[in-house]
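Summary of the model geometry
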Amino acid sequence: MAKNDAKESLIALLHGVEHFNTQIFPQKRELFAELADGQSPTTLFIACADSRVNPTLITQSDPGELFVLRNIGNIVPAYGEMLGGVSSAIEYAVLALKVSSIIVCGHSNCGAMMALLDPDPSKLAKMPTVQSWLRNAEAARAVALAATDGGPATVRSMAEQNVLLQIAHLRTHPSVAAALARQELILQGWFYDIGSGEVMVLDENARRTISIEQAVASLEASENAAA
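Residues numbered from 1 in each chain as written. Predicted model: local features only at pLDDT ≥ 70, side-chain atom pairs only at ≥ 80, totals over all residues. Heavy atoms only, no water.

Quick reminder of the rule: UniProt positions are given in the numbering used here, feature names are shortened, and annotations may be inferred rather than shown by experiment.
The chain carries the name Carbonic anhydrase in an unreviewed UniProt entry, which gives Acetobacter sacchari as its organism. According to its UniProt record, the chain has this under Catalytic activity (unreviewed entry): "hydrogencarbonate + H(+) = CO2 + H2O". Reading the Cofactor (unreviewed entry) entry of the UniProt record for the chain gives the comment "Zn(2+)".

Quick word on helix α9 (residues 174-181)
Definition in use: Per-residue accessibility, obtained with a 1.4 Å probe over protein chains only, is compared with the maximum for each type, and a residue is labelled buried under 20%, exposed over 50%, and partly exposed between these values. Numbered from the N terminus, helices here are DSSP runs of H or I no shorter than four residues, and strands are runs of E no shorter than two. Starting at the helix axis, one direction is taken to each C-beta atom, and the arc is that of these directions.
Residues of α9 that are buried: Ser 175, Val 176 and Ala 179. In a view along the axis of α9, the buried residues occupy a sector of 95°, so they form one face of it. Gln 183 lies just past α9 and shows a positive phi near 60°.

Re the side chain of Glu 160
By the element assignment, Glu 160 lies in helix α8 (residues 155-170). Relative accessible area serves as the criterion here: at 16%, Glu 160 is assigned to the buried category.

Have a look at this one:
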């Protein structure tokens, strides 16, 4: 990017801040006053760092409702594999914030998934950290390829298998395992199609996608059964 382009991009961001301060913030002044002294989000939302994925826009959530964790490929290393930012955010969300649900959201046209499907690994040679990070999704690649009976796996199938894998990894985290055992936490996987805006829910048991309507109906039915 040329220096002029970089400056123009930064200026646009600063103008955006001005608009927020003068137009948006005053409309939500009471909300931010409530948030000034603390947060109590209900959901940990684990998403890809892709700039096209906007969790608060997709879910129509206000500030303070989602505790958002983002990284390349919406990956959750199994507990003990890579203790750090991801594992500490999960632990904090479950133990300190007491979130009641965790969403892992994959998406269409994901660069991380395309890199995993690329038969030429040398393309990541200049990004060794990314290459190492994506090893946490290798099992999803194996499943996606196996499901095609030798044919090419699609980026969508890879992204969906990756979401299911990362949910399995979530279950290895002690804080998550304990909350699940107490029935205080729900895990759910989503797939977001950028081009259509459609969000599908991944049924972990059936390993297939279901619609938002089906997911809501299933949750309401289980709630009524427990009542």
